Structures are given as C-alpha cells and as structure tokens.
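Here's the letter readout for the chains.
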Amino acid sequence: MPMARPVTLLASFEPTPGGEDKLAALLLWMVGNTRQEPGNQRYDLYRADKGSFHLFEEYADDAALQAHRDADYFKAYRAQVADLIAGPIDVRVLSREEAGE
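What you see is a predicted model, and the numbers here were worked out from it, not measured in a lab. (Residues numbered from 1 in each chain as written. Predicted model: local features only at pLDDT ≥ 70, side-chain atom pairs only at ≥ 80, totals over all residues. Heavy atoms only, no water.)

Asker: Explain the pattern of salt bridges here, please?
Answerer: Two side chains with opposite charge may pair up if their charged atoms get near one another. Under the defined criterion, the tally for this structure stands at 3 salt bridges. A salt bridge links Arg35 to Asp44; its shortest N-O distance comes to 2.9 Å. The salt bridge involving Arg42 is made with Asp44; its shortest N-O contact spans 2.4 Å. Among the residues examined, Arg42 registers a relative accessible area of 34% and is labelled partly exposed. Taking relative accessible area as the criterion, Asp44 reaches 17% and is therefore assigned buried. Salt bridges here are not isolated pairs; linked through shared partners, they connect Arg35, Arg42 and Asp44. (Salt bridge = Lys/Arg side-chain N within 4 Å of Asp/Glu carboxyl O. Buried < 20%, exposed > 50% of the residue type's maximum accessible area, 1.4 Å probe, protein only.)

Have a look at this one:
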C-alpha cells in the first residue's frame, strides 16, 4: 500500500481597497481554527509588502485537506471572504523538489 503524501498549498489573496484589516482578521481566525485540525501540519499566514496575503498550508494527506474543507468554520470563511478580496483566490498545489521527496 502506498504511503500517504502530505498535501502542500499556497493560497494568495488580494484584499479589496480598505478591506485589508477585515481580511487579515478573517484569515487569522482561520489560522486559529485550522491549526487545531488533527490532519493539519502547517497553516501560516504571511503579508507581502504590497498588501497581499498568503497562506502556506500543509495537510497530512488528501483526506486531511478534505476534512479541512468540510469543516463548518471553513464554510463560514468561504461565505465571508468573497466580499473582502479583489479577485479569485490563487491556490497552488506545491510539490517538493528535494531529493527523496
């Protein structure tokens, strides 16, 4: 049986003009909730010098990512975030390029 591989994502958000603080508060709320998930290995929020936000996320496997997306607070976040961003969320699935990964 193949070993489950971690799932790593980078999600980038461009806030609406004047919405930076509300978006930051919502994303920080997500950090607190997501880090409590058993399958979450990393959920770090970064702010770029031009005001965009970036979440670096890592989950134990695909099932852990799905559990995150199925959580009630994730659904509440999705209902709120669209009004706080200037365009679609840019989500990229990352894979390690290190030897043995």
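Asker: What exactly am I supposed to notice about the nonpolar core here?
Answerer: Here is a general trend for soluble globular proteins: nonpolar side chains tend to be buried in one another's company. Counting 23 residues, the largest nonpolar core has Phe13, Leu23, Leu27, Leu55, Tyr77 and Val81 as the members making the most contacts within it. Counting residues per element, the ones that place at least two in this core are β1 (7–13), α1 (20–34), β3 (53–59), α2 (62–70) and α3 (72–81). Those residues in contact with Tyr77 that sit more than four places away from it in its chain are Phe13, Leu26, Leu27, Trp29, Met30 and Ile89. (Core = buried A, V, L, I, M, F, W, Y, C linked by side-chain atoms within 4.5 Å. Helix = DSSP H or I, 4+ residues; strand = E, 2+ residues; numbered from the N terminus. Contact = heavy atoms within 4.5 Å.)

Asker: I tried to follow the packing of α2 against α3 on my own but got confused; where do I start?
Answerer: The description of two packed helices rests on the angle between their axes and on the distance between the axes. The contact between α2 and α3 brings their axes to 5 Å, and the two run at 60°. As far as their axial angle goes, α3 and α2 are oblique. Residues His68, Arg69 and Asp70 of α2 touch α3, and the partners they reach there are Asp72, Phe74 and Lys75. Taken together, the residues that form the contact of α2 with α3 break down as 1 nonpolar, 1 polar and 4 charged. (Axes fitted to C-alpha atoms, helices over the stretch in contact; angles between N-to-C directions. Parallel < 35°, antiparallel > 145°, perpendicular 65-115°, else oblique. Nonpolar A, V, L, I, M, F, W, Y, C, P; charged D, E, K, R; others polar.)

Asker: Quick question: what am I supposed to make of α1 here?
Answerer: A turn of α-helix holds 3.6 residues, and therefore any two residues three or four places apart point the same way. Given a rise of 1.5 Å per residue, 15 residues ought to cover 21 Å, and the 21 Å separating the end C-alpha atoms of α1 matches this to within 8%. Among all positions in α1, only Leu23, Ala24, Leu26, Leu27, Met30, Val31 and Thr34 are buried. Relative to the axis of α1, the buried residues are bounded by an arc of 165° and lie together on one face. Opposite its buried face, α1 presents the exposed residues Asp21, Lys22 and Leu28, each directed more than 90 degrees away. Where the residues of α1 are buried, they touch β1, β2 (40–47), β3, α2 and α3. (Expected span 1.5 Å × (residues − 1). Arc of directions from axis to C-beta.)

Asker: Even after reading the chapter, I still don't get the layout of surface pockets, so can you show me in this structure?
Answerer: Leftover empty space is mapped by rolling, across the atoms, a probe with the size of a water molecule. Each pocket or cavity is described by its volume, and for the second largest pocket that value is around 170 Å³. In terms of lining, the second largest pocket is formed by 14 residues, of which the most central are Glu57, Phe74, Tyr77, Arg78 and Val91. Residue assignment for the lining of the second largest pocket shows that the elements contributing at least two residues are β1, β3, α2 and α3. Classifying every residue of the lining of the second largest pocket gives 10 nonpolar, 1 polar and 3 charged. (1 Å grid on protein atoms, 1.4 Å probe; cavity = no way out; pocket = protein on both sides within 12 Å on 5 of 7 lines; lining within 4 Å. Points joined across faces, edges and corners; volume = space filled by probe spheres on them.)

It is worth stressing that arrangement in space is one thing and function is another; only the former is reported here.
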